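Here are the chains, one letter per residue:
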Amino acid sequence: MKKLLYLLLVLPFAMMISSCSNDKDLPNVDITMSFDNAAVKDGIVYVLADQEFSITGITTKAVASNQQSAIANMRYFWNGIPAPQLTWSDLPIVINMAEMPQPENGENILGLRATLLETDKSIAYTAINVPIKSVASVDDLPAGLTLGEASLIFSNTPQTDKE
């Protein structure tokens with residue numbers, strides 16, 4: 001009888017430590033980054049090399065459902081180097097291209113690492129690399145592009161911390 005009593009006392013604790021979720025049930029969302037004073041063509045964001053442009057918004061939308069989703073804990077990198085001056089900024093983030101280190105060809109990468117959340121899904125992590133091409137003048141923009149409001153949509157590739 002005592003053994004049965006101990007077993008009944010241990011049973012709730014055993015149920016608490018067992019996992020009910022599937023770690024492979026990851027968020028499936030599209031991430032949209034919005035910019036100002038920029039232009040987008042073929043997945044590349046074009047900006048002027050001596051001016052500012054802004055990241056005005058980063059939003060998520062669940063792809064296969066009407067569930068709520070979010071992106072959090074964003075960390076930014078500029079050409080592979082952590083950019084704390086961007087990470088600790090609220091949106092809109094203003095980036096002065098004249099102050100950013102750049103290669104001579106003007107081809108930069110704005111990296112974003114973040115936590116990705118969706119209702120009823122496991123927590124995941126995502127990494128986005130945004131190609132930023134700085135040009136000397138508006139005459140150097142691809143044909144038909146003008147600077148202004150622009151956006152770029154990314155399909156995520158989330159990962160759990162176990163991968």
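Above this text is the structure in question.
Residues numbered from 1 in each chain as written. Predicted model: local features only at pLDDT ≥ 70, side-chain atom pairs only at ≥ 80, totals over all residues. Heavy atoms only, no water.

Draft legend 1. Quick look at the environment of Val94. As for its position among the elements, Val94 is in strand β6 (residues 93-96). The class for Val94 is partly exposed, based on a relative accessible area of 44%. For Val94 and Ile55, which are 39 residues apart along the polypeptide, the C-alpha to C-alpha distance reads 6.6 Å. Ignoring anything within four residues of it in the chain, the contact list for Val94 reads Glu52, Phe53 and Ser54. (Helix = DSSP H or I, 4+ residues; strand = E, 2+ residues; numbered from the N terminus. Buried < 20%, exposed > 50% of the residue type's maximum accessible area, 1.4 Å probe, protein only. Contact = heavy atoms within 4.5 Å.)

Draft legend 2. Examining the packing of aromatic side chains more closely. Using the criterion set out here, one finds one aromatic pair in the structure. Summarising the aromatic geometry, the rings of Phe35 and Phe53 are spaced 6.3 Å apart at their centres and angled 40° between planes, so their arrangement reads as tilted. Here Phe35, found in strand β1 (residues 29-41), pairs with Phe53, found in strand β3 (residues 52-62); they are 18 residues apart in sequence, far enough to count as distant. In this structure Phe35 comes out as buried when scored by relative accessible area, which is 1%. (Phe/Tyr/Trp six-rings, centres within 6.5 Å; stacked < 30°, edge-to-face > 60°.)

Draft legend 3. Expanded view of the side chain of Asn108. Take Asn108: it is sitting in strand β7 (residues 107-118). Within the structure, Asn108 has its side chain in polar contact with the backbone oxygen of Gly106 (distance 3.0 Å). Setting aside anything within four residues of it in sequence, one finds Asn108 in contact with Trp78, Asn79, Met97, Pro101, Gln102, Pro103, Val130, Pro131, Ile132 and Ser134. (Polar contact = N/O pair within 3.5 Å; in protein donor to acceptor, adjacent residues only side chain to side chain.)

Draft legend 4. Fine view of the pattern of salt bridges. In total, this model carries two salt bridges according to the counting rule given. Residue Asp25 pairs with Lys121 through a salt bridge whose shortest N-O separation is 3.2 Å. Taken as a pair, Asp25 in the loop between α1 (2-17) and β1 and Lys121 in the loop between β7 and β8 (124-135) lie far apart in primary sequence, 96 residues in all. For Lys133, the salt bridge is made with Glu107, and the minimal N-O distance between the two is 3.9 Å. One end of the pair, Lys133, is in strand β8; the other, Glu107, is in strand β7, with 26 residues separating them in the sequence. Look at Lys133 and you get partly exposed, because its relative accessible area is 22%. (Salt bridge = Lys/Arg side-chain N within 4 Å of Asp/Glu carboxyl O.)

Draft legend 5. A look at the environment of Gln85. Inspection of the secondary structure assignment puts Gln85 in helix α2 (residues 84-87). Distance from Gln85 to Ile95, taken between C-alpha atoms, is 9.5 Å for residues ten residues apart in sequence.

Draft legend 6. The nonpolar core, seen in detail. Core analysis: the largest hydrophobic core is formed by 29 residues, its most contacted members being Phe35, Ile55, Leu110, Val130 and Ile132. When residues of this core are traced back to their parent elements, those giving at least two are β1, β2 (44-48), β3, β4 (69-78), β6, β7, β8 and β9 (148-155). Broken down by element, the residue count for this core peaks at five residues, all from β1. Not counting the four nearest positions on each side in its chain, Ile55 is found in contact with Met33, Ser34, Phe35, Tyr76, Leu91, Pro92, Ile93, Ile95 and Leu110. By size, the runner-up hydrophobic cluster in this structure holds five residues, among which are Tyr46, Leu48, Val135 and Leu141. (Core = buried A, V, L, I, M, F, W, Y, C linked by side-chain atoms within 4.5 Å.)

Draft legend 7. Broad picture of a nonpolar patch on the surface. Nonpolar side chains collect at one region of the surface, where Leu117, Ile123 and Tyr125 lie side by side and expose about 260 Å² of accessible area between them. The residue Ile123 is located in the loop between β7 and β8 in this model. (Patch = residues over 30% accessible without salt bridge, like charges linked within 9 Å, V, L, I, M, F, W, Y side chains within 5 Å. Areas by Shrake-Rupley, 256 points an atom, 1.4 Å probe, with all protein chains shown as cover.)

Draft legend 8. The environment of Asn37, seen in detail. If you trace the backbone, Asn37 turns up in strand β1. Asn37 sits in the partly exposed class, given a relative accessible area of 25%. Among residues more than four places away in sequence, those in contact with Asn37 are Val47, Gln51, Glu52, Phe53, Leu147 and Gly148. Separated by 2.5 Å, the side chain of Asn37 and the backbone oxygen of Glu52 make a polar contact.

Don't take any of this as a statement about function, it's just geometry.
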